[in-house]
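A look at the structure
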Amino acid sequence: MTNIRKVAELAGVSVATVSRALKSPGIVAPSTRAKVLEAVSAAGYRPNLMAVQFRSQRTHNLVVLVPAIANVFFARVISGIQAAAQQQGYGVLLCNTLGEEEMEERYAGLVATRQADGLIQLRAYDPFRSHVFPAGTVLPMVNACEVLDDAPCPSVKLDNRAAARTLTEHLIGLGHRRIAMIQGSRRSPLTRDRMAGYRDALEAAGVAFDDQLVCPGNFTLGAGFDAAGGLMALDNPPTAIFCESDEMAIGAMQRIKRLGLSVPGDVSVAGFDDIAFSSYSDPPLTTIAQPAEAFGSQAVTMLIDLLEGRGATPAARVVLPYRLVVRSSTAPPP
């Protein structure tokens, strides 16, 4: 069996440094940690991880709660989480919870019972609400993407209200006044904030809000397809549709084309997220670009900083930038 001394020799560092890199990767420089991990792989070294965890009371595993793993946007967030965690010597336990509170609380129990070190929650729900911690305990969690209003932990979010206002202003600037919105889940703070931004832009432009132009959805292709059919059947249909996700926008465009109408000739369609399919849809989709991978990597960095006492606090709030991407699915009204 190859031992730790061989790893130290290959990496050009001390045995103590190898030990620190494996037990507490957060206190070792990234370049040094990378050399150690490379030497571990080259030497075929298999440290006794159970003994390491027993001594340090750390597992170097993070639980990630994902409400919909099939969602393309969340897939990109997970990619960012995986890359950042691996770089810092942590593993990821991925849980597709479907937004079920009981399941989320059960997985949070892995952290409460020290089977994992911390948790990243991608939905606006506190999965530790049924768990009891000693007084003064800092909740070992980061809330990202869909964020609780008063998150009891660090959070990473987008200014969804400002982003929705920017996209609605784009449609108004093209000359549209009948602008519909296909919403996400009514329970989601994303939906609330994007609706607020949409209404902000209408009010600023002196355009009356019409609740007939607002349709419920759930961020999926099917929801966009169904809602677009209802909107285009109105006596006075919209000339533009703002969908709260790209998947809904792509579904809406398919329904509009099946009705024999043109995008954007008869109706403009815009989305939100800038998933990879958006630039390849027919026509390419105007949307709000979110830095999905950055949500994941930022959440990991904040969580590990919190766990290792490097300055992150429960009050830490990070707001990531968005960008309006104008493509050919939007144009002036007919």
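Everything quoted here is computed from the prediction, not taken from an experiment.

What follows deals with the pattern of salt bridges. Side-chain pairs of opposite charge can arise where the charged atoms are in close proximity. Scanning all chains against the criterion turns up 11 salt bridges. With a shortest N-O distance of 2.9 Å, Arg 192 and Asp 149 are connected by a salt bridge. In this pair, Arg 192 is assigned in helix 8 (residues 189-205) and Asp 149 in the loop between strand 4 (141-144) and strand 5 (155-158), connecting sequence segments 43 residues apart. By relative accessible area, which is 41% here, Arg 192 ends up partly exposed. When the shortest N-O distance is used, the salt bridge between Asp 193 and Arg 192 registers 3.0 Å. Exposure remark for Asp 193: the relative accessible area of 16% places this residue in the buried category. A single network of salt bridges, built from pairs that share partners, joins Asp 149, Arg 192 and Asp 193.

Glancing now at empty space enclosed by the protein. Enumeration over the complete set of coordinates arrives at one cavity of 30 Å³ or more. Taken as a whole, the largest cavity holds about 40 Å³ of empty space. Here the residues of the lining of the largest cavity sort into seven nonpolar, no polar and two charged.

Next up on the list: the pairing of strand 8 (residues 240-243). Residues Ala 240 and Phe 242 of strand 8 are buried on one face, and the alternating residues Ile 241 and Cys 243, pointing to the opposite face, are buried as well. The pairing of strand 6 (residues 179-182) with strand 8 spans four bridges and is parallel. Paired with Ala 180 across the two strands is Ile 241, which belongs to strand 8. Direction of pairing for strand 8 relative to strand 9 (residues 268-270): parallel, over a ladder of three bridges. The partner of Phe 242 across the bridge, within strand 9, is Ala 270.

Throughout the structure, instances matching the rule amount to three aromatic pairs. Ring centres of Phe 73 and Phe 74 lie 6.0 Å apart, and the angle between their planes is 55°; this geometry places the pair in the tilted category. The pair formed by Phe 73 and Phe 74 is uniform in burial state, with each residue classed as buried. Arranged with centres 6.4 Å apart and planes meeting at 75°, the rings of Tyr 198 and Phe 209 form a pair that is edge-to-face. Taken together, the residues Tyr 198 in helix 8 and Phe 209 in the loop between helix 8 and strand 7 (214-215) connect sequence positions 11 residues apart. By relative accessible area, Tyr 198 is classed as buried at 1%.

In the contact formed by helix 9 (residues 221-232) and helix 10 (residues 246-258), the axes pass within 6 Å of each other and the chain directions differ by 45°. The angle between helix 9 and helix 10 places the two elements in the oblique class. For the element pair helix 9 and helix 10, the recorded crossing hand is right-handed. When helix 9 is examined against helix 10, the residues Leu 221, Ala 223, Gly 224, Phe 225, Asp 226, Ala 228, Gly 229 and Met 232 are found in contact with a partner set consisting of Glu 247, Met 248, Ile 250, Gly 251, Ala 252, Gln 254, Arg 255, Ile 256 and Arg 258. Among the residues forming the contact of helix 9 with helix 10, the class breakdown is nine nonpolar, four polar and four charged.

Right, let's talk about the state of the cysteines for a bit. Summed over all chains, the structure comprises zero disulfides. No disulfide involves Cys 95; its nearest neighbouring cysteine sulfur is the one of Cys 145, lying 16 Å away. Between Cys 243, a free cysteine, and Cys 215, which holds the nearest cysteine sulfur, the sulfur-to-sulfur gap is 9.5 Å.

Cut-off values and rules
- Residues numbered from 1 in each chain as written.
- Predicted model: local features only at pLDDT ≥ 70, side-chain atom pairs only at ≥ 80, totals over all residues.
- Heavy atoms only, no water.
- Salt bridge = Lys/Arg side-chain N within 4 Å of Asp/Glu carboxyl O.
- Helix = DSSP H or I, 4+ residues; strand = E, 2+ residues; numbered from the N terminus.
- Buried < 20%, exposed > 50% of the residue type's maximum accessible area, 1.4 Å probe, protein only.
- 1 Å grid on protein atoms, 1.4 Å probe; cavity = no way out; pocket = protein on both sides within 12 Å on 5 of 7 lines; lining within 4 Å.
- Points joined across faces, edges and corners; volume = space filled by probe spheres on them.
- Nonpolar A, V, L, I, M, F, W, Y, C, P; charged D, E, K, R; others polar.
- Pairing = 2+ DSSP bridges.
- Phe/Tyr/Trp six-rings, centres within 6.5 Å; stacked < 30°, edge-to-face > 60°.
- Axes fitted to C-alpha atoms, helices over the stretch in contact; angles between N-to-C directions.
- Parallel < 35°, antiparallel > 145°, perpendicular 65-115°, else oblique.
- Left-handed = near helix turned anticlockwise from the far one by under 90°.
- Contact = heavy atoms within 4.5 Å.
- Disulfide = S-S within 2.5 Å.

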